[in-house]
Every structure is written in structure tokens, then in C-alpha cells.
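# Observations on chain architecture
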Amino acid sequence: MKKTSLNPVVKNLHDKTYNWTNQCVQCGYCLPVCPTYESMGKESASPRGRINLVKMAAEGKIDISEHMAEPIELCLGCRACEIACPVGVPYGHMLEAAKDAIAQSKQQKRENSHFLLKNMAMNQLFPYPNRMKFLGSTVWLYKKSKLDRLIRKTKLFPILSEPLAQMEKILPPLENPSKRLKHGTVFPAKGERKVRVAFFTGCIMDSIMYKVNRLSIELLTSVGCEVVIPNHQTCCGALHAHQGATEKAKELAKANIQSFTQSEAEFYVNNAGGCGAALSEYDYLLKGDEEWAETAGEFAKKSRDISQILTEYGPLPFIKEWKGIVVYQDSCHLRNVQKVYQEPRQLLQSIPGITYVEMEGANRCCASGGIYNLLHFQESMKILDKKMKEVIELQPKAVITTNPGCQLQMSLGIDRMEASENIRSMHLVEILAEACGLT
Amino acid sequence: MNQEALKKIKTIIPLERIFTELAELYSYSYDASFGEYLPEIVIQPKNASEISELVKLANEYLIPIYPRGAGTSLSGGPLPVKGGMVLDMTQFNEKLVIDRENLLAIVSPGVITGDLHKKAEEVGLFYPPDPSSSHVATIGGNISENSSGPKGLKYGTTKEYVIGLEVVTPLGDIIRTGGKTVKNVTGYDITRLIVGSEGTLGIVTEVIVRLIPKPQARKTLLAHFAHLLDSGHAITSILSAGILPSAIELMDNACIRAVESFSPSGLPVDADSIIIVEVDGHPAAIDEEIKQCAKMCRNSGATYVKVAETESERLKIWSARKMVSPAITQMGPTKISEDATVPRSKIPAMMERLNRIRDKYKLNLVVFGHAGDGNLHPNIITDKRNIEEMKKVELAVSEIFEAAIELGGTLSGEHGIGTLKSPYMEMELGKSGLYMMKKIKEAWDPNNILNPGKIFPEKDQKRVVFV
Ligand SMILES: Cc1cc2nc3c(=O)[nH]c(=O)nc-3n(C[C@H](O)[C@H](O)[C@H](O)COP(=O)(O)OP(=O)(O)OC[C@H]3O[C@@H](n4cnc5c(N)ncnc54)[C@H](O)[C@@H]3O)c2cc1C
Ligand code: SF4
Ligand code: SF4
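Cut-offs used in this document
Residues numbered from 1 in each chain as written. Chains lettered and ligands numbered in written order. Predicted model: local features only at pLDDT ≥ 70, side-chain atom pairs only at ≥ 80, totals over all residues. Heavy atoms only, no water. Helix = DSSP H or I, 4+ residues; strand = E, 2+ residues; numbered from the N terminus. Rg over C-alpha atoms; globule rule 2.2 N^0.38 Å. Buried < 20%, exposed > 50% of the residue type's maximum accessible area, 1.4 Å probe, protein only. Areas by Shrake-Rupley, 256 points an atom, 1.4 Å probe, with all protein chains shown as cover. Contact = heavy atoms within 4.5 Å. pLDDT = per-residue confidence, 0-100. Salt bridge = Lys/Arg side-chain N within 4 Å of Asp/Glu carboxyl O. Pairing = 2+ DSSP bridges. Buried area = accessible area lost by both parts, 1.4 Å probe. Polar contact = N/O pair within 3.5 Å; in protein donor to acceptor, adjacent residues only side chain to side chain. Nonpolar A, V, L, I, M, F, W, Y, C, P; charged D, E, K, R; others polar. Near = heavy atom within 4 Å. Axes fitted to C-alpha atoms, helices over the stretch in contact; angles between N-to-C directions. Phe/Tyr/Trp six-rings, centres within 6.5 Å; stacked < 30°, edge-to-face > 60°. Lys NZ or Arg CZ within 6 Å of the ring centre and 35° of its normal.

### Structural notes on the overall build of chain B
Scanning chain B for helices and strands turns up 15 helices and 18 strands. Computed over the C-alpha atoms, the radius of gyration of chain B is 23 Å, within 12% of the 23 Å expected from 2.2 N^0.38 for a compact globule of 467 residues. Seen through its principal axes, chain B has C-alpha atoms that stretch 70 × 60 × 40 Å. The proportion of buried residues among the 467 residues of chain B is 58%. Summed over its atoms, the accessible surface of chain B is roughly 19100 Å², and 52% of this surface lies on carbon and sulfur atoms.

Pasting the structure below:
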């Protein structure tokens, strides 16, 4: 392992991941649950294979950016493998450390065509609520003004034009931005006040899907929650951590912890599986940080998905029947990291008139994976199209998800099947709100 | 890799199923056992004729070929110890036909055994061999290792169910053995020779297995014993009373403690051993049988006996057993899993010997296994980075095998020989016994192309080397 001592990036990778990779007994129990192993059919696209490659890179046997990077970047980060693993290899943490190493190694080498764009989005866009809002407003304007058809034809980025064009088609109808939630507001409970919760608005949710946020507040207050929107909250940092920018993720985490701790709320509620997973793992992210570790632990303990709160403090005041078949697609990070999968199903089943059908493979990733579907479009579509076959077979009126990325991906899948006339892609909050007569 | 050979390979197999990049090669350099060997090329064949052409080419250029299923082998079976070509069979998985009338299934080698289980059960049939890895391992791998699991006691191993094969021979010919009939006595039984041959005599490209009607019901009990010997007596009296359980599983004290500290589920940490007995068949019959089993456990000195009344109680009993593997891996990063097997009457004696080996080398050795058929799994938990301890492990492993063979047993009940047990083959088979096997291998594979370095020891190799 001579190389390890030479290259600081390799050494760092070794220090962080080597014990984890050695924990893997290479039994392969994680293979059948891995969506990329299924779609690509080779060992390097499996959890066991990826763990081994990280180990090989840490030992200096292969190069981080030349050999390890691609198989790692093709991982969705859905963490289904973690649930399947009998010995509890902390795959998610290893993956983040590996991504960190790739980012550093690529910075050393200044290569990779995706690098610039990713960096721009992560450093210049997501961390700035105002810029995200601006983006959201622009998208709104742009949809309104039907400029989209024109833009669709321009090829801005050679790699991204197709995925972006496809994504653009399926962006949800936006509300007038003036309806967006204002930070610092407190919404009183309707009826008896049972609990005070602080609401995490998120960046994508806040910029593009703020309608879901608004409806979330209405649902929460309707079951007796007093909801506060803490000031100065920011992006959860999930995308940063997943793309190897751990330091930035930590910075964002600290800002959020500070903001929420001041809210004096009993629970910190979010409505996006991916963000929720990041929030619930702030304790891990800031583990080594003396100053922050303890508050981060408390923060993580108080973090909840909206479905948990609505189940606990419900029932919801339904006033309308919702007729038709619905299926539910788990958000991987809600299911595999936060271990929340019963509550959304219970809520759906409690809607009057509904026919809930459990979809085969609902727990398998839809391959939206943060911005995976933009960076690895073809691979993502293979996985998505397979899932859509399951969906179409059940002929639902709606596919329900609990994460903005998954919801957009479902819309895209439905669009690709040319089924948009018959099937809607909805956030859990939206369908609950509809049945409660909220618009 | 010989460039000329590579060029020819590319005319046989489409490029997207040929891997030569370093990351891909490392991804096929391991299995679930030990060792890391880098192949020169990895190929994913999808039918027998591709394989036949590849094997012919390999003979021409003398390139070793290593068939590989899901890589769950615990004995080093698919490791490319001499470089060459790994054939990843997992994508050769199209056919899975259940022939209900003839009670059989026809499957491609890359089909996952668990999928066969599911398909058979959908029509009320049953494919009994059930290694714990069945949701991952391929049927081709199962056949090559002659795998089995807890149900081996009543239903036997894989070989009892394979009635026909399509095989690419080490010279590249495509042959069929056996067929679709349960009875078949035409000539040598080559089917049985291929089953368990660990990829050294042929590459399996299609499999015909026998299915049986699914048992209607099952009943399970759990019994605790203060003395290991008592559990041994309980097992013997059950088996000699004319009851054939579908499984009898045993866990020793070290195992019980490991499971309890991993995931507390109310197991008796002070018990010397616990056994799980399951019977299956007609509901009326098994009601009676499980009662008798419970009685015999009590008569043999069980301190506690519980018959599961509901399905959830039954699953709870089994969950303790399923927890063993993950639990013991918490005790150290390296798990050496053996599967020495003895005649079942010798189980107490074998347990005794294992205890002595544990004390002598001061190793973390736990024992569990399929007690009903004598197939024990002594597991040594260690850390492969601890060179000194690994040296002791090597000696202990040798003694485990010696003990098994002295007691009239065998090196392997289900995991195969591979690289890990080849040094001990002569100990079990004797010089002439091993010579006969070698002659068969030479006759089939004159160029030693197929899976070289397995089953047969290298010259002067007397024991397994971990470090
Ligand atoms: C956690 C765990 C639990 C296990 N439990 C059990 C158990 O209960 N019972 C049991 O018996 N085993 C068990 N095993 C061992 C292992 O799963 C079996 O040996 C299994 O049959 C291997 O199948 P595979 O598809 O992974 O084959 P591999 O491991 O890839 O290969 C095994 C052997 O088969 C050969 N081979 C593979 N495909 C073909 C083919 N098409 N033609 C010719 N040769 C081929 C290979 O060359 C190799 O020699 C366990 C393993 C693990 C990791
Ligand atoms: S995180 Fe998901 S995609 Fe990545 S290896 Fe695990 S199961 Fe596969
Ligand atoms: S299930 Fe866990 S131990 Fe087994 S191969 Fe996958 S990561 Fe490794």
C-alpha cells in the first residue's frame, strides 16, 4: 500500500472507509435489491462491487478518478442495500466518503464534463433561498409565457439538453409566487393546539413546489399543529453530501440547526424524503465536531416526516371522497434511511372512497436519485421505464410519492408512456389535501 | 491477454458483454470466501453456443476459464486463481419453465434459485434444496456445489433433484445428460458426476430439476438444553422414533450469546444449546409428530420446550436461527465458515472435539448447523489483518477436518472444496481415491482449461494458507 501514503486523497479515503469496506463479507445479499445491478447486470454496478472498488482504491490498487469514480457515480444512493445487508455495512456513509474522494481527486485533475455544472448548481444555486426562488419564479413566468417551446429546441448543454428538455416538460403547474410561505411566520392550529412543530421548507420544494408546502401547513394545522417556519433556514445539504461536497453540507447543517433550535418546536417536520433523510442524519454528519455534535443529535431526534405527524395527531378532516385506484412509490430515503413506510400507506388507505393498491417493487428506487436522472439520463430511464410497466399494469388514477425528485421522475415516466391523460403524479400531501377539500 | 485471442473473442461475443477495464476485472476477483485473484477478461455469455466457441478458443490458446454464478461460494470456487477468463453466468437466465404435468422445471444456469422456488410454489409445487443464499445464488452455482440447507435432512441435496443437464464440456462440445424422466439408467450417470464438480468438468448451460408437491403444513418447536449431550440425545431419539423432521437445527452457547447481544430476542444465554425442530406434511400427521418431538425433548432433559402455535411464533423461532450469521460477524471482521459433516450419531463427539480445539488455540469459535444431517458449521471469528491469530486459525481448521474425518465424516457437507479444502482431499479420499478423481479430470479436460486450481491440491500443499 505504498501509494496510500503518497497521495493524501487516497490516504483520506483509506482512513475513512477501510474499516467499513472490511466489514463487508461479500455474501452478495445486497445484490437482489440493487436497482442498478438489476438494470446494468454487472458486479461493478452492485453494492458489493462498489464496496470492493472503494476498498481497492483505498489500498491504492486502482485509481480513484480513473477507475472508481464511474461505478460510484452510477450508484443511485437509494440505500436499499443497507437494509438488506446482514452485517450492517454503513453503505451510505461509505458512499459519501467515496464521493468526497472523487471530488477531491477530480479537483486535483480538473477533469469531468459534469463537474462545472454540478458545482454551479450546488454552490451558486441551492444554498441561496433567494436565488432558488428566483429560479422558481422564472420557471413560472416561462411556463406562463409559453416560451418553453422555443427553449426546448435550443441545445444549451450538449450532455444535458435531452434530460433537461424532458424534465422541463413535466414540471408541475406552478402557483403564483406571491403565495409562497414567508419565513418567520407562525400558523396557529385549527381547533385545539396539540403540539408546536417547525416546518422545513426545503429549496426545491420552496422554489418549484411551494404549493405542496402551503398545503402541508394546512394539513398540519388541521390536525392541531401550530406551525412555525423558522427564519434563516437553508438547503438541507443532501445534494452536496451526495456529490462529495461534505464541507458545504456541514455548513448548511449548522445553519439549519441554529435556525430550528430557536423555534422552540417539539418536532421539525419536512415533506421531502431526501431532505428528511439528510436532516435525520445531521448527527452523523457532525459527529466529530465538538461544538455541534450534541445539538445535532437532538436535531436529528426531532426530525419527522409529515406523514408521521399526520398519523400521530390525525385523523385528518376528510370531506370528499377520492374515487379511483392509487399506487404509492416509496421515496428511498424515507423508507431506507428514515424507515418510514407504513404511515404514508395508512394515510392513503384512510382517504374515503379510495382504492389503494400495493405496487410490486414500490420499495425499489425510481432512479431519480437527487440529480442522477440529469447526470446519467440513459441509465435512469432504463430503471424508470421498468417501473412504469408495473404502474401502467395497475391502471391507477394517481401515483403518489413523498419526495419532489421522485414526483418529477414519476411525471416523466408517465409522460414517456404517453399516459399523462389518465394518470397523475401527486405528492402525498396533495392527494390528502384534495380529500380534505383544500386547494 | 493474448491479442489475437481477444480479437477472436470479440467476434463471438458482443462488445458490451466483454469487460477488460481494471475496475470490472477487480469486480470479479472475489467470492464470499478468501483470496483475490485478478482475471484478464470477464465475459457474460448468454447461450450454450457462445460458451462452446469460447471454450474451443480457450483450448487453442490455453486460457483458463472460470465459470461464475453469483459469487457466493464459501470455498473459493469461482476465483480465477490462474488469471484467464471469468464467465459471468448471471445474465444467462432467460429460461424458467415449470412443467406441471411432468413435475419438473427447465431452467437456465443463471436463474436465481429463489426465483425457481417462487415459480414452483405458485403452482403448488416445491423445489426443496434451500441454501440460505438461495435468494442470491444461481441454480448453476447450486448444481456445481451440490448445495443444500436445513431441509437436507428430509429432502436431500441438490443432486437428488437434478435429472438432466445440458453441459459444455472442457473441449467445447455441447452434450446432454439424463433427461426428463425420473427413471434413467442408460449408461454412466454423468448428470451426477457434473453435480458437485465445481465447474471443473463442464459448464452447465441448462438444467432439468424434479419438483415435488408442496407439503400442506408445517409445525415448529424450540427446545433449550442445559447440556449439549442432552440435545444430542433428543435428536437421536427423534430420528430413531420414525419421525423424519424437515429440519433439525442446533446452536451452541457461544452462538446463543452472540445472537442475544446482537439482537436480544429472549434466548437463554445460560443454556448449553438450543435446537429447532420442524416437521411438515399432512396437518393431522404433523400435529401428532410435533407433540411426540416435544415429548422426546423433555424426556432427554430439555429445560424448556415451546411449540409454535401461530405463524408469527414460528417465524420468531426461525428468526433466532437466521440471526446467527449476522450476529457472529459482529464479533470480528473475518469469519471462517466451515461445514465439516459427521454421521449424526457422532454430533456430540464432534462438538466435544470442537470445544477442545477452541480451548487449545484460544479462538473465538462458535458452532451451529443442520444437526439433523450431521452438517455442522464451526465458525471461527477473527481478523485477517491479525497475522499471528490467522496462523493459529490455519492450524485449527486443519484439526477440525481431521476430527471430522476421524469420526467417519467428510470435509464438506455443502460448501464444496474449491481452493480452501483442496489440501485435505487426500486425507479423506486416500491416495488412490484422489487419483481416480484426477484421472477423470484429465480425461475430460486434457488441457486443464476448466477452473484449474480447484478441488485438487497443488503439489506438496498440506494445509490451507490464509496469510
Ligand atoms: C451467507 C451465505 C450463506 C450460504 N449458505 C449456504 C447454505 O446454506 N448451503 C449451501 O450449500 N451453500 C451455502 N452458501 C454457499 C453458496 O451460496 C453456494 O455454494 C452456492 O451454490 C453458490 O452459488 P453461486 O451462484 O454464487 O456460484 P459461485 O459462487 O459463483 O460459484 C460456485 C461454483 O460453481 C461454479 N459454477 C457456477 N456456475 C456454473 C455453471 N453454470 N456451470 C458450471 N460451473 C458453475 C463455479 O466455478 C464455482 O466453482 C452460502 C453462502 C453465503 C455467502
Ligand atoms: S445505494 Fe441503491 S443503487 Fe447504490 S448500491 Fe445500494 S442499492 Fe445499489
Ligand atoms: S450484503 Fe452486506 S456484507 Fe453482504 S455483500 Fe452486501 S454489503 Fe457486503
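What follows continues from the structure just given.
### With respect to the overall build of chain A
Within chain A, the secondary structure is distributed over 25 helices and nine strands. The 439 residues of chain A split such that 61% are buried. The long-range share in chain A, meaning contacts at least 24 apart out of those at least 6 apart in sequence, stands at 79%. When the accessible surface of chain A is summed, it comes to about 18400 Å², and 53% of that surface belongs to carbon and sulfur atoms.

### Description of the confidence of the model for chain B
Across chain B, the average pLDDT comes to 93, with 100% of residues at or above 70. For this predicted complex, the interface confidence comes out at an ipTM of 0.93, alongside a pTM of 0.88.

### A closer look at the pattern of salt bridges
Taken as a whole and judged by the stated rule, the model has 49 salt bridges over all chains. The shortest N-O distance in the salt bridge between Glu-38 of chain A and Lys-386 of chain A comes to 2.8 Å. Of this pair, Glu-38 of chain A sits in helix α3 (residues 35-40) while Lys-386 of chain A sits in helix α23 (residues 377-394); the two residues are 348 residues apart in sequence, bridging distant segments of the chain. Residue Glu-38 of chain A is classed as partly exposed on the basis of its relative accessible area, which comes to 40%. Overall, the relative accessible area of 46% leaves Lys-386 of chain A in the partly exposed class. Here Glu-442 of chain B makes a salt bridge to Lys-439 of chain B, at a shortest N to O gap of 3.2 Å. Note that Glu-442 of chain B and Lys-439 of chain B are positioned in helix α15 (residues 425-444) at a spacing of three residues, about one turn of the helix. The class of Lys-439 of chain B is partly exposed, set by a relative accessible area of 36%.

### Structural notes on the pairing of strand β4 (residues 85-88) of chain B
Residues and elements named next belong to chain B. The alternating pattern of β4 places Met-85 and Leu-87 on one face and Val-86 and Asp-88 on the opposite face, and all of these are buried. Here strand β2 (residues 41-43) runs beside β4; their pairing, made up of three bridges, is parallel. Looking across to β4, one finds that Ile-41 is bridged to Met-85. As paired elements, strand β3 (residues 65-68) and β4 share four bridges and run parallel to each other. Following the sheet pairing, Pro-67 is matched in β4 by Leu-87.

### Details of the interface of chain A and chain B
At the junction of the two partners, chain A supplies 26 residues and chain B supplies 31 residues. Together, the buried faces of chain A and chain B total about 2200 Å²; carbon and sulfur atoms form 53% of this surface. Where chain A touches chain B, the interface holds three salt bridges. Joining chain A to chain B, the criterion identifies twelve residue pairs in polar contact (both at pLDDT 80 or more). When grouped by side-chain class, the residues that make up the side of chain A that touches chain B number twelve nonpolar, nine polar and five charged.

### Notes on the pairing of strand β13 (residues 247-252) of chain B
Residues and elements named next belong to chain B. Among the six residues of β13, six are classified as buried, and the element is accordingly described as predominantly covered. The alternating pattern of β13 places Ala-247, Glu-249 and Met-251 and Ile-248, Leu-250 and Asp-252 on opposite faces, both of which are buried. Taken together, the six bridges between β13 and strand β14 (residues 273-281) define a ladder with antiparallel strand orientation. If you follow Asp-252 over to β14, its bridge partner there is Ser-273. Pairing of β13 with strand β17 (residues 364-370) involves two bridges; the strand directions are antiparallel. Looking across to β17, one finds that Leu-250 is bridged to Gly-369.

### Description of the environment of Ser-65 of chain A
Residue and element names in this part refer to chain A. Note that Ser-65 resides in helix α5 (residues 64-73). Residue classification places Ser-65 among the buried residues on the basis of a relative accessible area of 8%. Put simply, Ser-65 and Ala-101 are 36 residues apart on the chain and 8.6 Å apart in space, counted from C-alpha to C-alpha. Reaching out from Ser-65, the side chain makes a polar contact with the side chain of Ser-105 at a distance of 3.2 Å.

### Re the site of ligand 1
Taken together, 35 residues lie around ligand 1, and Pro-67, Gly-69, Thr-72, Ser-133 and Ser-148 of chain B are the ones closest in. Those residues lying near ligand 1 are distributed over chains A and B. Measuring from an oxygen atom of ligand 1, one finds a backbone N or O atom of Gly-77 of chain B at 3.4 Å. A distance of 2.8 Å separates an oxygen atom of ligand 1 from a polar side-chain atom of Ser-147 of chain B. If ligand 1 stood free it would expose 970 Å²; the protein chains cover 96% of that surface.

### Regarding the confidence of the model for chain A
Residues and elements named next belong to chain A. Overall, the prediction assigns chain A a mean pLDDT of 83, with 81% of residues at 70 or greater. Mean pLDDT across the elements of chain A ranges from a minimum in helix α10 (residues 148-153), with 44, to a maximum in helix α4 (residues 47-58), with 97. When the criterion is pLDDT under 50, residues 140-160 qualifies, and its contacts beyond four places in sequence or with other chains add up to 24 contacts.

### Some details on unusual backbone geometry
Note the cis peptide between Gly-314 of chain A and Pro-315 of chain A, where omega equals 5°. Mapped onto the fold, Pro-315 of chain A is located in the loop between α19 (306-313) and β6 (324-328). With a phi close to 60°, Lys-339 of chain A is a non-glycine residue in the positive phi region. The backbone phi angle of Leu-103 of chain B is positive, close to 55°, even though this residue is not glycine. Counting through the fold element by element, Leu-103 of chain B comes out in the loop between β5 (96-99) and β6 (104-107).

### Quick word on the sheet that holds strand β10 (residues 203-210) of chain B
Residue and element names in this part refer to chain B. Within the open sheet, the five strands sit side by side as β5-β6-β10-β8-β9. Their pairing is antiparallel. Each edge of the open sheet is held by one strand with a lone partner, namely β5 and β9 (174-178). The mean angle between the axes of side-by-side strands here comes to 15°, regardless of whether they run parallel or antiparallel. For strand β8 (residues 162-168) and β9, the ladder comprises five bridges, and the chain directions are antiparallel. Considered in β9, the bridge of Leu-165 is made with Thr-177. Each of β5, β6 and β10 touches helix α4 (residues 113-122); the most contacted strand, β5, lies at about 35° to it.

### Describing the side chain of Gln-338 of chain A
All names here are of chain A. Inspection of the secondary structure puts Gln-338 in the loop between α20 (332-337) and α21 (342-349). For Gln-338, a relative accessible area of 13% gives the class buried. Within polar-contact distance, the side chain of Gln-338 engages the backbone oxygen of Gly-273 at 3.0 Å.

### Re the sheet that holds strand β18 (residues 375-382) of chain B
Residues and elements named next belong to chain B. With respect to topology, seven strands assemble into an open sheet ordered β15-β12-β14-β13-β17-β18-β16, the strand pairing being antiparallel. Each end of this open sheet is capped by a strand with a single partner; those strands are β15 (302-307) and β16 (334-337). On average, each strand axis in the sheet is inclined to that of its neighbour by 20°, with strand direction left out of account. With five bridges connecting them, strand β12 (residues 217-225) and β15 associate as antiparallel partners. Note on β15: the bridge partner recorded for His-224 is Tyr-304. Together, β12, β13 and β14 form the strand contacts of helix α8 (residues 228-240), whose direction differs from that of β14 by roughly 15°. Here helix α13 (residues 347-361) sits on the sheet in contact with β13, β17 and β18, set at roughly 160° to β17.

### Describing the packing of aromatic side chains
Enumeration over the complete set of coordinates arrives at eight aromatic pairs over all chains. Between Phe-126 of chain B and Tyr-155 of chain B, the ring centres sit 5.4 Å apart and the planes meet at 90°, which makes this aromatic pair edge-to-face. With Phe-126 of chain B in strand β7 (residues 125-126) and Tyr-155 of chain B in helix α6 (residues 152-155), this residue pair connects regions lying 29 residues apart in the sequence. Here Phe-126 of chain B and Tyr-155 of chain B have matching classes, each one buried. Measuring from ring centre to ring centre gives 4.7 Å for Phe-401 of chain B and Tyr-424 of chain B, while their planes differ by 50°; the resulting arrangement is tilted. Within this pair, whereas Phe-401 of chain B is found in helix α14 (residues 387-406), its partner Tyr-424 of chain B is found in the loop between α14 and α15, the two being separated by 23 residues in sequence. By the ring-pair criterion, three or more aromatic residues cluster together here, those being Phe-200, Phe-260, Tyr-268, Tyr-282 and Phe-299 of chain A. The ring of Tyr-30 of chain B carries Arg-68 of chain B above its face, with NZ or CZ at 5.9 Å from the centroid.

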